[in-house]
Amino acid sequence: MAIYMINRILLAIPMLLVVSFLTFILINLSPLDPAEVVLQAQGVPVITSELLAQTRQELGMDKPFLMQYVDWIIACLQFDFGHSYVTGQPVWSLLAPAFVNTLKLTVISSFVIIILSVLLGVLCALNEGKLLDQSLRGISFFLTSMPSYWLAALMVWYFSVKLDLLPTSGMGSLQHYILPVIIITVSYSGIYFRVVRSSMLNNLHQDYVLYSRACGLPERRIILHIVRNSLQVSVSVFCMAVPIILGSTVVIENVFAWPGLGSLSVRAILGRDFPIIQAYVLILAAAFVLFNALSDIINAWMNPKLRNDL
Amino acid sequence: MTSLLEVRNLKIWDSRTEKIIVPASTFQLTKGSCLAIVGESGSGKSVTCKAIMRLNNSSLQQTGEIWFKGENLNTLSEKQMRKKRGKQLCLIIQNGMSAFDPSCLIGVFAREVLTQHFDWGRKKIEEEMINAMESVLLQEPSKIMRKYPHQLSGGMLQRIMIALAIVLKPEIIIADEPTTALDVISQYEVLEQFKKLRETLGCSMIFVSHDLGVVKKIADEVLVMKDGEIVERGSTKAVFLAPKHEYTRFLVSTRLAVSEHFNHVMKGDAVLAER
Ligand SMILES: Nc1ncnc2c1ncn2[C@@H]1O[C@H](COP(=O)(O)OP(=O)(O)OP(=O)(O)O)[C@@H](O)[C@H]1O
Ligand SMILES: [Mg+2]
């Protein structure tokens, strides 16, 4: 098991390198000349070719492409993502607080989503085909298919403007979390609750359930067995939910003016602030790779079949 | 001999499609004897077994009477039925490999079942299980109790089910093709355990099988099912010597080759036992 964990973590390193390289290429494919962007952002009136060449040299862009990548990745490893083209501040000083804010929202939302999905999934599976199951599935389908920004606007209008119960935007008190968390939960629980439900149903029809019943075990105990086995399957899906939500907060953060990664990245994209975009994409990609490894490890740890083979 | 279990006009159908799976089965299980149910795949053997335990899927409906010691099982509440399952009626299913919760230790499961039916302490349960497992020739039972199902073979798991039945001491054991999923050697071993089980517990048994060779070894009476109907019944000898229904004749002739192979594997002692 320990060997498997180390292997899995080691495997994540080349994946991270590949991902970071792809990130770097994608950003550099942009037709814009970063030097020009920097000069424009600094409000230089006349951009001469000498000025451009000089800026390029400052940015290290006269070096070969691969060298640029190596320089960049080494700097990134030291949490030095360069300086913002627009404000000149270190990217890290902008990124770190935003990342923390987004993380708070993500962790709380993921937590609510997981609890809700497990509860609803188990409830629906145990009432398969009955009214409760069908109506919950119907409602979740309806809510999941609604665009989240629209839902957000609707809820802000109702709860914040009309009833004046909750703040419309920003973050500070706990109340600020309520609407964004609800909207993220509503948009994502549908998917995860289906995963739990179908894996419950899959287990419900297994032979071991029949045999446990034949042995006279009460239904309550049997359900505990089924839930444990179903969650084993769902854990990896839940692990991947965290980076997915991390990336999807862009929309919600912009609606609620949440000072997080999402808002920062949108501003960076509009201002063509390449270092920030690059760092943002890199962080998200790294989150995917890391949570992927984490989900494999948890899976192996929870599943006795895998645990012993490794 | 009195009958321990009497099934009258058992009808089983699928409530969704209204398809009738078993139209009207009537049969008895004599106290202390073994009744074999044979028949082709899909003839309704498993559904009949599960109907006796009231364990069919909720989409399957059943009517008729199932008399067991003065009670009609078909009219009992779920709670009353649950007390009978395991303690009085024990089901042993075909596939040992999937019969146990994959993430539950064998010992933990056995303890869960046994505390349900007895007021035994942990130690007593352990002792009883180990004794029973030894009697079905499982080696190092205390080690097996600390294993997961996937670490054991199908034959071992089948024998663990038998061991659990030995501890539960039910009055009726219903074994649904307990040897079909096993290789020939384990089939022989497991079958021997079933014979022993009957001797030690003196219980009655319903034994479902495809394999007429196996049936010949263990059963006193035979039911032959085809498309949900019982087409032939009688003592094992009579059915094998002079099959009346054409379907039974077909079964007996096609299974001859298989049972000969089986005898061959069972070698000397089995051949002797037959004489
Ligand atoms: N849950 C169910 N819902 C609907 N139909 C079912 C269900 N279970 C079984 N059947 C039908 O009942 C019939 C009898 O099935 P059963 O499992 O009893 O056959 P069997 O005699 O045990 O066959 P085998 O030898 O393959 O085990 C089949 O035609 C099957 O399609
Ligand atoms: Mg069957």
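Residues numbered from 1 in each chain as written. Chains lettered and ligands numbered in written order. Predicted model: local features only at pLDDT ≥ 70, side-chain atom pairs only at ≥ 80, totals over all residues. Heavy atoms only, no water.

The name recorded for chain B in an unreviewed UniProt entry is Nickel import ATP-binding protein NikD, from Jeotgalibacillus proteolyticus. Under the UniProt heading Sequence similarities (unreviewed entry), the entry covering chain B gives this text: "Belongs to the ABC transporter superfamily." Regarding chain B, the UniProt comment filed under Subcellular location (unreviewed entry) reads as follows: "Cell membrane". (UniProt positions renumbered as here; feature names shortened; annotations may be inferred.)

Taking an unreviewed UniProt entry as the reference, chain A is identified by name as Nickel ABC transporter permease subunit NikB belonging to Jeotgalibacillus proteolyticus. What the UniProt record of chain A gives under Sequence similarities (unreviewed entry) is the line "Belongs to the binding-protein-dependent transport system permease family."

Visitor: What should I look at first to understand the overall build of chain B in this one?
Guide: Broken down by element type, chain B carries 11 helices and 10 strands. Taken over the C-alpha trace, chain B has a radius of gyration of 19 Å; the compact-globule value for 275 residues is 19 Å, and the two agree within 12%. Here the C-alpha coordinates of chain B stretch approximately 55 × 50 × 35 Å along the principal axes. Of all 275 residues assigned to chain B, the portion counted as buried reaches 53%. Residue pairs in contact within chain B that sit at least 24 positions apart in sequence constitute 68% of those at least 6 positions apart. (Helix = DSSP H or I, 4+ residues; strand = E, 2+ residues; numbered from the N terminus. Rg over C-alpha atoms; globule rule 2.2 N^0.38 Å. Buried < 20%, exposed > 50% of the residue type's maximum accessible area, 1.4 Å probe, protein only. Contact = heavy atoms within 4.5 Å.)

Visitor: Sorry if this is basic, but what is going on with helix α8 (residues 184-201) of chain B here?
Guide: At 3.6 residues per turn, the α-helix brings residues three or four places apart onto the same side. Residue and element names in this part refer to chain B. In this model α8 runs 26 Å from its N-terminal to its C-terminal C-alpha over 18 residues, within 8% of the 26 Å that 1.5 Å per residue would give. Those residues of α8 not exposed but buried are S186, Q187, Y188, V190, L191, Q193, F194, L197 and R198. One or two positions beyond α8, positive phi appears at G202, with a value near 65°. (Expected span 1.5 Å × (residues − 1).)

Visitor: Is there a simple way to think about empty space enclosed by the protein in this case?
Guide: With a probe scaled to a water molecule rolled over the atoms, the places where space remains empty come into view. Residues and elements named next belong to chain B. Here the structure, examined in full by the defined rule, presents three cavities of 30 Å³ or more. Of the voids in this model, the largest cavity is the one considered here, and its volume is about 40 Å³. Taken together, V38, L212, V222, V224, V239, F240, T248, L251 and V252 make up the lining of the largest cavity. Those elements that provide at least two residues to the lining of the largest cavity are β9 (221-226), α10 (236-241) and α11 (246-274). Ranked by residues supplied to the lining of the largest cavity, first place goes to α11 with three residues. Classifying every residue of the lining of the largest cavity gives eight nonpolar, one polar and no charged. (1 Å grid on protein atoms, 1.4 Å probe; cavity = no way out; pocket = protein on both sides within 12 Å on 5 of 7 lines; lining within 4 Å. Points joined across faces, edges and corners; volume = space filled by probe spheres on them. Nonpolar A, V, L, I, M, F, W, Y, C, P; charged D, E, K, R; others polar.)

Visitor: Quick question: what am I supposed to make of a nonpolar patch on the surface here?
Guide: All names here are of chain A. On the surface, I108, F111, V112, I115 and L119 cluster together into a nonpolar patch covering about 460 Å² of accessible area. Along the chain, F111 turns up in helix α5 (residues 91-126). Among the residues examined, F111 registers a relative accessible area of 57% and is labelled exposed. (Patch = residues over 30% accessible without salt bridge, like charges linked within 9 Å, V, L, I, M, F, W, Y side chains within 5 Å. Areas by Shrake-Rupley, 256 points an atom, 1.4 Å probe, with all protein chains shown as cover. Salt bridge = Lys/Arg side-chain N within 4 Å of Asp/Glu carboxyl O.)

Visitor: How should the site of ligand 1 be read in this particular structure?
Guide: Residues and elements named next belong to chain B. As a matter of local geometry, ligand 1 sits amid 15 residues, with S41, G42, K45, S46 and V47 nearest to it. Between ligand 1 and G44 there is a distance of 3.1 Å, counted from an oxygen atom to a backbone nitrogen or oxygen. Surface burial for ligand 1 is 70%, taken as the share of its 630 Å² of free accessible area covered by protein chains. The biggest single contributor to the shell around ligand 1 is helix α1 (residues 45-53), with three residues. (Near = heavy atom within 4 Å. Polar contact = N/O pair within 3.5 Å; in protein donor to acceptor, adjacent residues only side chain to side chain.)

Visitor: Sorry if this is basic, but what is going on with the nonpolar core here?
Guide: Nonpolar side chains tend toward joint burial in soluble globular proteins. Counting residues in hydrophobic clusters, the biggest one holds 126 residues, and the most contacted among them are L164 and F194 of chain B. For this core, the leading source of residues is helix α8 (residues 175-204) of chain A, giving 12 residues. Filtering out sequence-adjacent residues up to four positions away, F194 of chain B remains in contact with I92, I162, A175, P178, M205, F207 and I218 of chain B. Core analysis: the next-biggest nonpolar cluster, separate from the first, contains 26 residues, I27, I277, Y280 and I283 of chain A among them. (Core = buried A, V, L, I, M, F, W, Y, C linked by side-chain atoms within 4.5 Å.)

Visitor: How do you make sense of the confidence of the model for chain B when you look at a structure like this?
Guide: Atomic detail in the predicted coordinates should be set aside for any region of low pLDDT. All names here are of chain B. Summary statistics for chain B give a mean pLDDT of 87 and a share of 92% for residues scoring 70 or more. Considering only residues more than four positions removed or in separate chains, one finds that residues 270-275, a stretch of pLDDT under 50, has three contacts. Taken over the whole predicted complex, pTM reads 0.81, whereas the ipTM for its chain interfaces reads 0.88. (pLDDT = per-residue confidence, 0-100.)

Visitor: Looking at this structure, I do not really get the UniProt feature "domain: ABC transporter" (unreviewed entry) in chain B. What am I missing?
Guide: Annotation from UniProt places "domain: ABC transporter" (unreviewed entry) at residues 7-252 of chain B. Segment residues 7-252 of chain B splits into 42% helix and 26% strand. End C-alpha atoms: 26 Å apart.

Visitor: I'm lost on the packing of helix α4 (residues 106-117) of chain B against helix α5 (residues 122-135) of chain B in this one. Help?
Guide: Each pair of packed helices gets described by two things: the angle between the helix axes and the distance between those axes. Residues and elements named next belong to chain B. Where α4 meets α5, the axes come as close as 10 Å, and the angle between the chain directions of the two elements is 110°. Comparing their axes, α5 and α4 come out roughly perpendicular. Handedness of the crossing formed by α4 with α5: right-handed. Contacts between α4 and α5 pair A110, R111, L114 and T115 from the former with R122, I125 and M129 from the latter. In terms of residue class, the contact of α4 with α5 is made up of four nonpolar, one polar and two charged. (Axes fitted to C-alpha atoms, helices over the stretch in contact; angles between N-to-C directions. Parallel < 35°, antiparallel > 145°, perpendicular 65-115°, else oblique. Left-handed = near helix turned anticlockwise from the far one by under 90°.)

Visitor: Is there a simple way to explain the pairing of strand β7 (residues 172-176) of chain B in this structure?
Guide: All names here are of chain B. Counting buried positions over the five residues of β7 gives five, a clear majority of the element. Of the two faces of β7, both are covered, the one formed by I172, I174 and D176 as well as the one formed by I173 and A175. With four bridges connecting them, strand β6 (residues 89-92) and β7 associate as parallel partners. Counted as the bridge partner of C90 is I173 from β7. (Pairing = 2+ DSSP bridges.)

Visitor: How do you make sense of the sheet that holds strand β3 (residues 34-39) of chain B when you look at a structure like this?
Guide: Whether parallel or antiparallel, the strands of a sheet pair through hydrogen bonds between backbone atoms. All names here are of chain B. An order of β6-β7-β8-β3-β9-β10 is seen for the six strands of this open sheet, with the pairing classed as mixed. Two strands lie at the open edges of the sheet, namely β6 and β10 (229-235), each paired on one side alone. On average, each strand axis in the sheet is inclined to that of its neighbour by 15°, with strand direction left out of account. Taken together, the five bridges between β7 and strand β8 (residues 204-208) define a ladder with parallel strand orientation. By the bridge assignment, A175 is partnered in β8 with F207. Packing of helix α7 (residues 154-168) onto the sheet brings it into contact with β6 and β7, and relative to β6 it is tilted by some 175°.

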